[in-house]
Amino acid sequence: AQKVTQAQTEISVVEKEDVTLDCVYETRDTTYYLFWYKQPPSGELVFLIRRNSFDEQNEISGRYSWNFQKSTSSFNFTITASQVVDSAVYFCALEGRVSITGGTSYGKLTFGQGTILTVHP
Amino acid sequence: KAGVTQTPRYLIKTRGQQVTLSCSPISGHRSVSWYQQTPGQGLQFLFEYFSETQRNKGNFPGRFSGRQFSNSRSEMNVSTLELGDSALYLCASSSGTGNTEAFFGQGTRLTVV
């Protein structure tokens, strides 16, 4: 069974503060993918990053950075110099490979419960 | 490139009725997955279709069903609606071969009264 845990239910910061969202996962798969999505009030899940289980390099994209540590099964997300527009619900997700008749299936994401981030001006 | 389109955006139905939701994936994507999002249970996987075949299914009762057409568009049907089916239903589009991320539509907000 797969499981994703986001320890923080809600985080409140003031603009320009750095904030880290924690994500811990459980899986028995050796190959899997980890994701972060952002959900603004409009409801759509906006893709932020996808990381292969074999690629433990940290990644930085503008004010966003991700720290993947396989040894601790963690995939944490940091926003540097937060802005009001960063206010949203953030989800960490895991996609494993499922063996099915005739091959392998993807497409099943297991999500954490989400972290509500509020950035105050 | 057009994104994932879900219709309708909002629906209000009465208990016992049935409902059909539609999802048009990104052009070229062959996999469509459906998720239910509720405040209590969060985001839960319903099922995934790839090339008109259901490849994977979550733990939902048989009242929840789906299908995928040859153009990759997918429909999800819920029969005998219950109050607890009120949720945001999200569909995700991907290549289905494990080498791309899933892109989500804006969802259909279903309210059962």
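Scroll up to find the structure.
Residues numbered from 1 in each chain as written. Chains lettered and ligands numbered in written order. Predicted model: local features only at pLDDT ≥ 70, side-chain atom pairs only at ≥ 80, totals over all residues. Heavy atoms only, no water.

A.B. asks: Residues and numbers for the sheet that holds strand β3 (residues 19-24) of chain B, please.
C.D. replies: All names here are of chain B. If you walk across this open sheet you meet the four strands as β1-β3-β8-β7, and the pairing is antiparallel. Each having just a single partner strand, β1 (5-7) and β7 (64-68) make up the two edges of the open sheet. Taking the axes of each pair of neighbouring strands and ignoring which way they run, one obtains an average angle of 20° across the sheet. Pairing between β1 and β3: three bridges, direction antiparallel. Within β3, the position partnered with threonine 7 by the bridge is serine 22. (Pairing = 2+ DSSP bridges. Helix = DSSP H or I, 4+ residues; strand = E, 2+ residues; numbered from the N terminus. Axes fitted to C-alpha atoms, helices over the stretch in contact; angles between N-to-C directions.)

A.B. asks: Lay out the interface of chain A and chain B in plain terms, naming residues and giving numbers.
C.D. replies: Facing 21 residues of chain A, the contacting portion of chain B comprises 24 residues. A combined buried area of about 1,800 Å² lies between chain A and chain B, and 52% of that area is made up of carbon and sulfur atoms. At the boundary of chain A and chain B, one finds zero salt bridges. Between the two partners, chain A and chain B, sit three residue pairs in polar contact (both at pLDDT 80 or more). At the level of elements, β5 (32-39), β6 (46-52), β11 (98-100), β12 (103-105) and β13 (109-111) of chain A are the ones that each hand at least two residues to the side of chain A that touches chain B. When residues in the side of chain A that touches chain B are grouped by element, the largest group, four residues, is from β5(A). Taken together, the residues of the side of chain A that touches chain B sort by class into eleven nonpolar, seven polar and three charged. (Contact = heavy atoms within 4.5 Å. Buried area = accessible area lost by both parts, 1.4 Å probe. Salt bridge = Lys/Arg side-chain N within 4 Å of Asp/Glu carboxyl O. Polar contact = N/O pair within 3.5 Å; in protein donor to acceptor, adjacent residues only side chain to side chain. Nonpolar A, V, L, I, M, F, W, Y, C, P; charged D, E, K, R; others polar.)

A.B. asks: Kindly report on unusual backbone geometry, identifying the contributing residues and their values.
C.D. replies: Note the cis peptide between Thr7(B) and Pro8(B), where omega equals -10°. Mapped onto the secondary structure, Pro8(B) falls in the loop between β1 and β2 (10-13). At Lys16(A), a residue that is not glycine, the phi angle is positive and equals roughly 85°. Turning to its location among the elements, Lys16(A) is positioned in the loop between β2 (10-14) and β3 (19-21). A residue is classified by how much of its surface remains accessible, and Lys16(A), at 67% relative accessible area, is exposed. One non-glycine residue, Glu52(B), adopts positive backbone phi at about 70°. With respect to the helices, strands and loops of the structure, Glu52(B) is situated in the loop between β5 (42-50) and β6 (53-57). Note on Glu52(B): relative accessible area 47%, which makes it partly exposed. (Buried < 20%, exposed > 50% of the residue type's maximum accessible area, 1.4 Å probe, protein only.)

A.B. asks: Explain the side chain of Ser93(B) residue by residue, including any values.
C.D. replies: Residue and element names in this part refer to chain B. Relative to the helices and strands, serine 93 is located in strand β9 (residues 87-94). For serine 93, a relative accessible area of 0% translates into the label buried. There is a polar contact of 3.1 Å between the side chain of serine 93 and the backbone nitrogen of isoleucine 26.

A.B. asks: An account of the layout of surface pockets is requested, with residue identities and associated values reported.
C.D. replies: Vacant regions in the atomic arrangement are exposed by a probe of water-molecule size rolled over the atoms. One number sums up the size of the largest pocket: a volume of about 520 Å³. Lining the largest pocket are 25 residues, and of these Gln39(A), Val89(A), Gln37(B), Leu88(B) and Arg109(B) lie nearest its centre. Going through the elements one at a time, β10 (88-96) of chain A together with β4 (31-38), β9 and β11 (108-112) of chain B are the ones with two or more residues in the lining of the largest pocket. Top element by residues in the lining of the largest pocket is β10(A). It accounts for three residues. Considering only enclosed or pocket space, the second largest pocket measures out at about 260 Å³ in volume. Along the walls of the second largest pocket sit 13 residues, with Lys108(A), Gln44(B), Phe45(B), Gly58(B) and Asn59(B) positioned nearest its centre. Elements with a contribution of two residues or more to the lining of the second largest pocket: β13 of chain A together with β5 of chain B. Of the residues contributing to the lining of the second largest pocket, the split by class is five nonpolar, six polar and two charged. (1 Å grid on protein atoms, 1.4 Å probe; cavity = no way out; pocket = protein on both sides within 12 Å on 5 of 7 lines; lining within 4 Å. Points joined across faces, edges and corners; volume = space filled by probe spheres on them.)

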